[in-house]
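Notes for the structure review
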Amino acid sequence: MKVMAQLAMVMNLDKCIGCHTCSVTCKQAWTNRSGTEYVWFNNVETRPGQGYPRTYEDQTRWRGGWERDKRGRLRLRDGGRLAKLLKIFANPKMPSLADYYEPWTYDYEKLISAPLGEQMPVAPPRSLISGKPMKVSWSANWDDDLGGSPEIVPGDPVLQQVSERVRLELEQAFMFYLPRICEHCLNPSCVASCPSGAMYKRTEDGIVLVDQDRCRGWRMCVSGCPYKKVYFNHKTGKAEKCTLCYPRIEVGLPTVCSETCVGRLRYLGLVLYDVDRVLEAASVEREADLYPAHRRILLNPNDPDVIAGARAEGIPDEWIEAAQRSPVYALINTYQVALPLHPEFRTVPMVWYIPPLSPVVDAIGRDGHDGEDLGNLFGALEALRIPVEYLAGLFTAGETTPVESVLRRLAAMRSYMRDINLGRPTQPHIPESVGMTEEQIYQMYRLLALAKYEDRYVIPTAYEVDADAVEEPGCSLSFDGGPGMYGSGPFGEASGVPLPVAVETFHALRQRQTSEGMAANANRPSRVNLLNWDGRGVPPGMFPRGRQP
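The present account deals with the structure reproduced in this document. Just so you know, these numbers come straight off a predicted model, no measurement behind them. (Residues numbered from 1 in each chain as written. Predicted model: local features only at pLDDT ≥ 70, side-chain atom pairs only at ≥ 80, totals over all residues. Heavy atoms only, no water.)

**Quick notes on the sheet that holds strand E14 (residues 339-340)**
In sheet architecture, strand pairing relies on hydrogen bonds along the backbone and comes in two forms, parallel and antiparallel. In space, the five strands of this open sheet follow the order E13-E12-E1-E15-E14, with mixed pairing throughout. A strand with exactly one partner marks an edge of an open sheet, and here the two such strands are strand E13 (298-299) and E14. Pairing analysis gives nine bridges linking strand E1 (residues 3-12) to strand E12 (residues 266-274), with the strands arranged antiparallel. Within the sheet, the bridge partner assigned to Ala8 lies in E12 and is Gly269. (Pairing = 2+ DSSP bridges. Helix = DSSP H or I, 4+ residues; strand = E, 2+ residues; numbered from the N terminus.)

Right, dumping it as structure tokens:
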């Protein structure tokens, strides 16, 4: 057993309202520059829908991820070294601009300078690539709220794999939102696909990154990723992807998408796993066995043998304690309500999801019944096969039993907690019916419904707070065309001045988040990033004179 650490995320889909705040703040922090107009490291998809890029889940078309050969070995679905060499200059298995969308802006000058007339002037869309007038026909959230359902939704690759009844009764069935970021997989096919070795997985925390100096723009990583979360910057000629906001993670701050999430549906934490069993878990014969195999490689952080193994691999005690308090491990293995996204891709993804119970509850309520009564909920889960089949196609490779188990636990939690909230005696048989104790179901409720900031984000820091011992003169993100860390960045209002961002600056900003005064750069004027401003301290010039609170 070789113990390694991995930062992971869980999203509770029952709480996502589709506001796209996470997408916008991520876009503002990381991809608001030339060459990345179409890039969305974080996007929120409406399900059912084709997703972004269009039909990315159809691996018979895009050939992403891994497949198991007749000998039981994993092979890249898009081919090995020889296959990549033959198409290194022309890769046909890659989404085109039409599968993403052609980025556009509006001709505001025409709107502003139009002469007086009887008709209201308009600002027509113009392409950000060619500058020519264009007709907007697709975007990152085009099937939002099932817009144009009869035309768009039948192209959903997951929907095509379930029964005809689902397709016929789609509009009466369900819809929900699915936020997506890079999965930071334990067995990443993008890393294995990169000919230049620019894609790599950090050993200390498992974050998958792109070395901009080594990237040669072959774009094999784009075709190799089954989730299509690697993008090509056509200006720099480099691949880019979600970094899990590692400069924030290193100082114990959550990702920008998590920090700004309106529904508070994201959980960040550390898990310990056995790296020697990752290949075995990804290579199981039946796709339906992938989900339990993924769960088994995640180790119990309270097990003495696991703790000893972690220490032997150099994992500090602070990280072990963080893994023991991790909400991610609790939701995946303790309460068993989180599921991986498309485990059949065999990449062992590390962004997991709690499937939504709302479609079932809403369907019961429409019929005039009590949507939180345990008997009604359990009966509906058996009868309403429509959402369960679709959810199984997303999270368990088509196997409905694990999805039903998760939904039964969520239904039991709702029914059990309603008695407590109404001041009635509890019913111990409710948690027993789903294999849980009263204490477990109450603790699961507190984590899913009432968890505070420090309970949702349990992130160990990467460095000791010793500014004198650390020297880091520049920023690794400041390559040509890159996001950099200068100007208004994702580190709060004190990040607006052009100072080199070294580890000590990170810690100063970390202290800034928990102090009442201006801890970092307080003696210099700075711009205010209101998206990340925590409300503490008042930068000069934020308010007019005489109105300083």
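**Side note on helix H22 (residues 438-450)**
Working note: α-helix, 3.6 residues per turn, so residues spaced by three or four point in the same direction. The terminal C-alpha atoms of H22 lie 17 Å apart, and with 13 residues this matches the ideal 18 Å at 1.5 Å per residue to within 8%. Those residues of H22 lying buried are Ile441, Met444, Tyr445, Leu447 and Leu448. Burial along H22 is one-sided: seen end-on, the buried residues are contained in an arc of 165 degrees. (Expected span 1.5 Å × (residues − 1). Buried < 20%, exposed > 50% of the residue type's maximum accessible area, 1.4 Å probe, protein only. Arc of directions from axis to C-beta.)

**Description of the nonpolar core**
Among the nonpolar cores identified, the biggest contains 134 residues, and Val10, Leu331 and Phe395 are the most heavily contacted of them. Looking at which element gives the most residues to this core, the answer is helix H20 (residues 400-421), with nine residues. Once residues lying within four places of it in the same chain are set aside, the contact partners of Phe395 are Leu13, Leu178, Leu339, Pro340, Leu341, His342, Pro343, Tyr353 and Pro355. (Core = buried A, V, L, I, M, F, W, Y, C linked by side-chain atoms within 4.5 Å. Contact = heavy atoms within 4.5 Å.)

**Topic: the side chain of Glu183**
Secondary-structure assignment places Glu183 in the loop between strand E7 (176-180) and helix H8 (189-193). Of the side chains bearing the opposite charge, Arg180 lies closest to the buried Glu183, which forms no salt bridge; the N-O distance is 5.8 Å. Not counting residues up to four positions away in its chain, the partners in contact with Glu183 are Tyr227, Leu341, Pro349, Met350, Val351 and Tyr353. (Lys, Arg positive; Asp, Glu negative; His and termini not counted. Salt bridge = Lys/Arg side-chain N within 4 Å of Asp/Glu carboxyl O.)

**Some details on the packing of aromatic side chains**
According to the stated counting rule, one finds 16 aromatic pairs in the structure shown. Aromatic side chains Phe176 and Tyr390 sit 6.4 Å apart centroid to centroid with 75 degrees between the ring planes, which places their arrangement in the edge-to-face category. Of this pair, Phe176 sits in strand E7 while Tyr390 is found in helix H19 (residues 385-395), placing the two residues 214 residues apart along the sequence. Here Phe176 falls in the buried class, since its relative accessible area comes to 4%. Under the relative-accessibility criterion, Tyr390 is labelled buried at 0%. Ring pairing ties together the aromatic residues Tyr38, Phe41, Tyr52, Tyr100, Tyr101, Trp104 and Tyr231, which thus form one cluster. Lys27 extends its terminal NZ or CZ atom over the ring of Trp40, reaching a point 4.9 Å from the ring centre. The residue whose ring lies beneath Arg219 is Phe232, and the NZ or CZ to ring-centre distance is 4.4 Å. (Phe/Tyr/Trp six-rings, centres within 6.5 Å; stacked < 30°, edge-to-face > 60°. Lys NZ or Arg CZ within 6 Å of the ring centre and 35° of its normal.)

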